[in-house]
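For reference, the chains in residue letters:
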Amino acid sequence: MPDRRGFFQDTIGKVLHEVVERAERRVAPKRWFRPPGAAPEVAFVAACTRCGDCIDVCPVHAILKVAANDGGVAAGTPYIDPATRACIVCHDMPCANACETGALIPRPWPEIHMGVLELDPQRCITFQGAACGVCARACPVGERALALDDRGRPVLKPEGCVGCGVCVTACVTLPSSLKLSLA
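Definitions and cut-offs
- Residues numbered from 1 in each chain as written.
- Predicted model: local features only at pLDDT ≥ 70, side-chain atom pairs only at ≥ 80, totals over all residues.
- Heavy atoms only, no water.
- Helix = DSSP H or I, 4+ residues; strand = E, 2+ residues; numbered from the N terminus.
- Buried < 20%, exposed > 50% of the residue type's maximum accessible area, 1.4 Å probe, protein only.
- Contact = heavy atoms within 4.5 Å.
- Areas by Shrake-Rupley, 256 points an atom, 1.4 Å probe, with all protein chains shown as cover.
- Salt bridge = Lys/Arg side-chain N within 4 Å of Asp/Glu carboxyl O.
- Disulfide = S-S within 2.5 Å.
- Core = buried A, V, L, I, M, F, W, Y, C linked by side-chain atoms within 4.5 Å.

Description of the overall build of the protein
And then number 1: A tally of regular secondary structure across the protein gives 7 helices and 6 strands.
And then number 2: Written out in order from the N terminus, the α and β elements of the protein read α-α-α-β-α-β-α-β-α-β-β-α-β.
And then number 3: Per-residue burial over the protein gives 38% buried out of 183 residues.
And then number 4: Contacts spanning at least 24 positions in sequence make up 62% of the contacts within the protein whose residues lie at least 6 apart.
And then number 5: Of the accessible surface of the protein, which amounts to about 10,700 Å², a share of 57% is contributed by carbon and sulfur atoms.

What follows is the structure in structure tokens.
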């Protein structure tokens, strides 16, 4: 049986954590897909020096800068537009390794969740009887994130998806049957 002090410390810790998260969402709502390894939004914006080192080392030029007229305090910070150019899940994570301030921290890929993947079965041609599977073949994470069922239809696995957007840009339907929303 936990002691009274431990109970109160645990309870107050959980309440404070929730208060901080809610305050963060109000003060600095997440509006952009950040590069892999990004710190929580407030810490990220505070730590990022807007140097562009992460942008320069991205092999596919997927990292962009938030425009001055759109970003407020986040102006000049790096972001990814996965519907335009997806992160390709580089094994060595050059963007995070280039960051000297801790705004981006190299982490194992299974710990990265840049976005949440959604599938529109009304749009996906495999649900209309056509063979495809391009999204699953393009996924750099593989079956841990996106697989095909026995009928050739995509099966999303949120716990394994890093939110890179490769499948979104690979999809053959216009607009894509897959979309990412902010995590």
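Back to the write-up after that little detour.
A few points about the pattern of salt bridges
And then number 1: The tally for this structure, following the rule as stated, stands at 2 salt bridges.
And then number 2: Of the charged contacts in the structure, one is a salt bridge between Arg 31 and Asp 70, with a shortest N-O distance of 2.9 Å. Here Arg 31 is found in the loop between helix H1 (4–27) and helix H2 (41–47), whereas its partner Asp 70 is found in helix H4 (residues 68–71), with 39 residues between them in sequence.
And then number 3: Overall, Arg 31 belongs to the partly exposed group, its relative accessible area being 44%.

Observations regarding the state of the cysteines
Two cysteines form a disulfide when their sulfur atoms are joined by a covalent bond.
And then number 1: Throughout the structure, instances matching the rule amount to 0 disulfides.
And then number 2: Just so you know, Cys 161 is unpaired, no disulfide at all, and the nearest cysteine sulfur is the one on Cys 167, 6.2 Å from it.
And then number 3: In this structure Cys 161 comes out as buried when scored by relative accessible area, which is 11%.
And then number 4: On the basis of relative accessibility, which here comes to 8%, the residue Cys 167 falls in the buried class.

Focus on the nonpolar core
Within soluble globular proteins, side chains that are nonpolar generally end up buried alongside one another.
And then number 1: Grouped together as the largest cluster of nonpolar side chains are 41 residues, with contacts concentrated most on Ile 63, Trp 109, Met 114, Leu 117, Val 162, Cys 164 and Cys 167.
And then number 2: Broken down by secondary-structure element, the contributors of at least two residues to this core are H2, helix H3 (53–57), strand E2 (78–80), helix H5 (94–98), helix H6 (134–138), helix H7 (166–170) and strand E6 (178–182).
And then number 3: If you tally residues by element for this core, the top one is H7, at 3 residues.
And then number 4: Filtering out sequence-adjacent residues up to four positions away, Ile 63 remains in contact with Pro 35, Cys 54, Ile 55, Cys 58, Pro 78, Tyr 79, Ile 80 and Cys 95.

A look at unusual backbone geometry
And then number 1: Of the consecutive residues Leu 174 and Pro 175, the connecting peptide bond is found in the cis state with omega at -10°.
And then number 2: Residue position: Pro 175 is located in the loop between H7 and E6.
And then number 3: A positive phi angle, close to 65°, is found at Arg 50, a residue other than glycine.
And then number 4: Summarising the element assignment, Arg 50 is placed in the loop between H2 and H3.
And then number 5: The class for Arg 50 is partly exposed, based on a relative accessible area of 24%.

A look at the environment of Phe 33
And then number 1: Position of Phe 33 among the secondary structure elements: in the loop between H1 and H2.
And then number 2: Sequence separation between Phe 33 and Tyr 79 is 46 residues, and the spatial gap between their C-alpha atoms is 5.5 Å.
And then number 3: When sequence neighbours within four positions are dropped, the list of residues in contact with Phe 33 reads Tyr 79, Ile 80, Pro 82, Met 114, Gly 115, Leu 180, Ser 181 and Leu 182.

Regarding the environment of Ala 183
And then number 1: For Ala 183, the location among the structural elements is in the segment after E6.
And then number 2: Each C-alpha atom of the pair Ala 183 and Trp 32 lies 9.9 Å from the other, and the pair is 151 residues apart in sequence.

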